[in-house]
Amino acid sequence: MAYISQYEYYDNNGNTPQDANWGSYQYISLDDVVNNFLLMYAGNHSLVNNEERYKIIFHAKRAIQELNYDAFKEIKILELSVADSLRYVLPSDYVNWVRISLYKDGWLRPLTENIQAISSNAYLQDQQGNILFDQNGNILRPQYSDIDYDRLMGLKKSIYLNQGNQFHGQAGWCMDGMWYFDYNVGTPFGLNTETANFNPTFKIDKKAGVINFDSSMAGELCILEYVSDGMEGGDNSLITVNKLFESYIYAAIEYELLSSKFNVQEYVINRCRKKRKALLGNAKIRISNIHPGRLLMNLRGMDKVIK
C-alpha cells in the first residue's frame, strides 16, 4: 500500500479537487487487495498457487459486494427533484433503499412505502376486449395506464389519507350501516392507524429502475438514502474497502479459490470457511461503532412519564 504525505492528504499537493484524498486512509483499494494477496497468500509454499489474477479480482469484488449488502454502515445519499412525471430514476449502483424523504421547509419528512399498486402496464383493446397488435405483431400500448393517469392527475385515492371508503364519489365512514361525512370532531372515524400518513407515498419499481410517487410529490425535492453495491460503476481503480474488512477479503478469496479447485482436502476447505466466517464477525463488531454516549442519550428518557 502506498502512503501519502500530509500535504497530499489535506491539499492534494495543491491540485484540484482539494478533497480528493480526504478520508482515504481508512480504506484500501481493490488493486492493493489483489497485490497483497498475490504477495502474501499465494505461491508455491501456500495453499493457493498458480491462480490467474483475473480470478482473484473476481472473488475480491464479489466479497466487497457482499460486504456492501450485509455489513457496511456506509449509506449513499442522492438529492433529486421530482418532475411532473412523478418518477425518480434509481442510481446505477442502487441495491436497496434505507430511507426516502421529502425535504421541505428545512425538514426531512420520511415517506411511507405504498402497499397499493400505483403504476402498471396496459395494452390497447378493441370493444370486444381483444388485444390489439401492430403490423409486426407487437402489442400496442397506451401512453399511460388508467392507474398511472389517475396518479399523475391526482385522482387516485389513497388509503394513507383515509380516502379508501367511497359513497357516491365522496369520502365517508360507514358505522352500523349508516354513512357519515365531514366528521371533523376529533379523529375521523375509521382512520386506519397502520397506514395513516400525511406525507406523500412511494412505490419502487425495481425492474423499471424508478421510484413512483403520488401526485403531491410533483416539483418537490426527494432525498434517497440507499445501499450501494460498491462497484463504482465498474471502474476498478475507484473500488475500495474499509481496512477493518481487509483480512476478511483475503480469507474470502482464499476460500472461494480452494472450494472450486480440484483435489483439495475437505478439511482444508472447512477450515477456510470457518476462518472467513470468524473474520467477518470480528469486522462487524469493530465497525458497529457503538458509543457509550449514544446509549446514555437513549436512556435519558427511560423514566419519562407518558401521559
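Counting of residues starts from 1 at the beginning of each chain's written sequence and follows it residue by residue. Per-residue local features are limited, in this predicted model, to residues with pLDDT of at least 70; the limit for side-chain atom pairs, both in listing and counting, is 80 or more; totals at the level of whole chains, interfaces and linings are taken over all residues. With hydrogens and water set aside, each side-chain value is computed from the structure's full complement of heavy atoms.

**Some thoughts on the overall build of the protein chain**
Quick reminder of the rule: Runs of H or I in DSSP of at least four residues are treated as helices and runs of E of at least two as strands, each being numbered from the N terminus. In this scheme, a residue with accessible area under 20% of its type's maximum is buried, one over 50% is exposed, and one in between is partly exposed, where area comes from a 1.4 Å probe on protein chains only. Accessible surface is estimated by sampling points in the Shrake-Rupley manner with a 1.4 Å probe; for residues, cover comes only from the protein chains shown.
The secondary structure content of the protein chain amounts to seven helices and 14 strands. A burial count over the protein chain gives 29% of its 307 residues as buried. Working note: accessible area of the protein chain is about 20600 Å², and carbon and sulfur atoms make up 51% of it.

**Quick look at the pairing of strand β5 (residues 107–110)**
Worth spelling out the cut-off: When DSSP finds two or more bridges between a pair of strands, those strands are recorded as paired.
Relative to β5, strand β4 (residues 94–104) runs antiparallel, the two being bridged by four bridges. From the neighbouring strand, S101 faces β5, where its bridge partner is P110. In this structure, the hairpin formed by β4 and β5 is closed by a connection of two residues, where D105 is found at a positive phi of approximately 55°.

**Here we look at helix α6 (residues 266–287)**
Operational definition: Helices are assigned an expected span. That span is 1.5 Å times one less than the residue count. The arc refers to the directions leading from the helix axis to the C-beta atoms. Residue contacts are counted whenever heavy atoms from the two residues lie within 4.5 Å of one another.
With 22 residues, α6 ought to run about 32 Å at 1.5 Å a step, and its terminal C-alpha atoms sit 32 Å apart, in line with that. Looking at α6, one finds that the buried residues are V268, I269, C272, L280, A283 and I287. Across the axial projection of α6, the buried residues extend over an arc of 110°, all falling on one side. Pointing more than 90 degrees away from the buried face of α6 are the exposed residues Y267, K274, K277 and I285. Contacts made by the buried residues of α6 are with α3 (53–70), β14 (240–242) and α5 (246–259). Just downstream of α6 lies N289, where phi reads positive at about 60°.

**A look at the sheet that holds strand β13 (residues 221–228)**
The following threshold applies: Fitting a line to C-alpha atoms yields each axis, with helices limited to the stretch in contact; the angle taken between N-to-C directions then spans 0 to 180 degrees.
Taken in spatial order, the four strands line up as β2-β13-β4-β5 in an open sheet, and their pairing is antiparallel. Among the strands making up the open sheet, the edge pair consists of β2 (76–81) and β5. Direction aside, the axes of adjacent strands within the sheet are offset by 35° on average.

**Focus on the nonpolar core**
The test is simple: Nonpolar cores are built from buried Ala, Val, Leu, Ile, Met, Phe, Trp, Tyr and Cys residues. Side-chain atoms within 4.5 Å join them into one set.
Membership of the largest hydrophobic core comes to 32 residues, with the highest contact counts inside it found for V33, F37, L67, V241, F245, I249 and I253. Counting 17 residues, the second largest nonpolar core, distinct from the first, contains L86, L152, L224 and Y226.

**Re the pairing of β4**
Bridge analysis of β4 against β13 gives eight bridges, and the strand direction is antiparallel. Across the sheet, the residue bridging to Y103 is L221, located in β13.

**Here's the deal with the environment of V89**
If you trace the backbone, V89 turns up in strand β3 (residues 87–89). What makes V89 exposed here is its relative accessible area of 57%. Residues V89 and I204, spaced 115 residues apart in sequence, show a C-alpha to C-alpha distance of 9.9 Å. Not counting residues within four places of it along the chain, the set of residues in contact with V89 comprises L80, G209 and V210.

**Section: the packing of helix α2 (residues 30–40) against α3**
Heads up, the rule is: Put simply, angles under 35 degrees are roughly parallel, angles over 145 are roughly antiparallel, angles from 65 to 115 are roughly perpendicular, and the rest are oblique. Each crossing gets its hand from how the near helix is turned against the far one by less than a right angle, where anticlockwise is left-handed and clockwise is right-handed.
Axis separation between α2 and α3 bottoms out at 10 Å; the angle between their running directions is 125°. Comparing their axes, α3 and α2 come out oblique. Classified by chirality, the crossing of α3 by α2 is right-handed. Contacts between α2 and α3 involve L30, D31, V33, V34, N35, F37 and L38 from the first element and R53, I56, I57, A60, K61 and I64 from the second.

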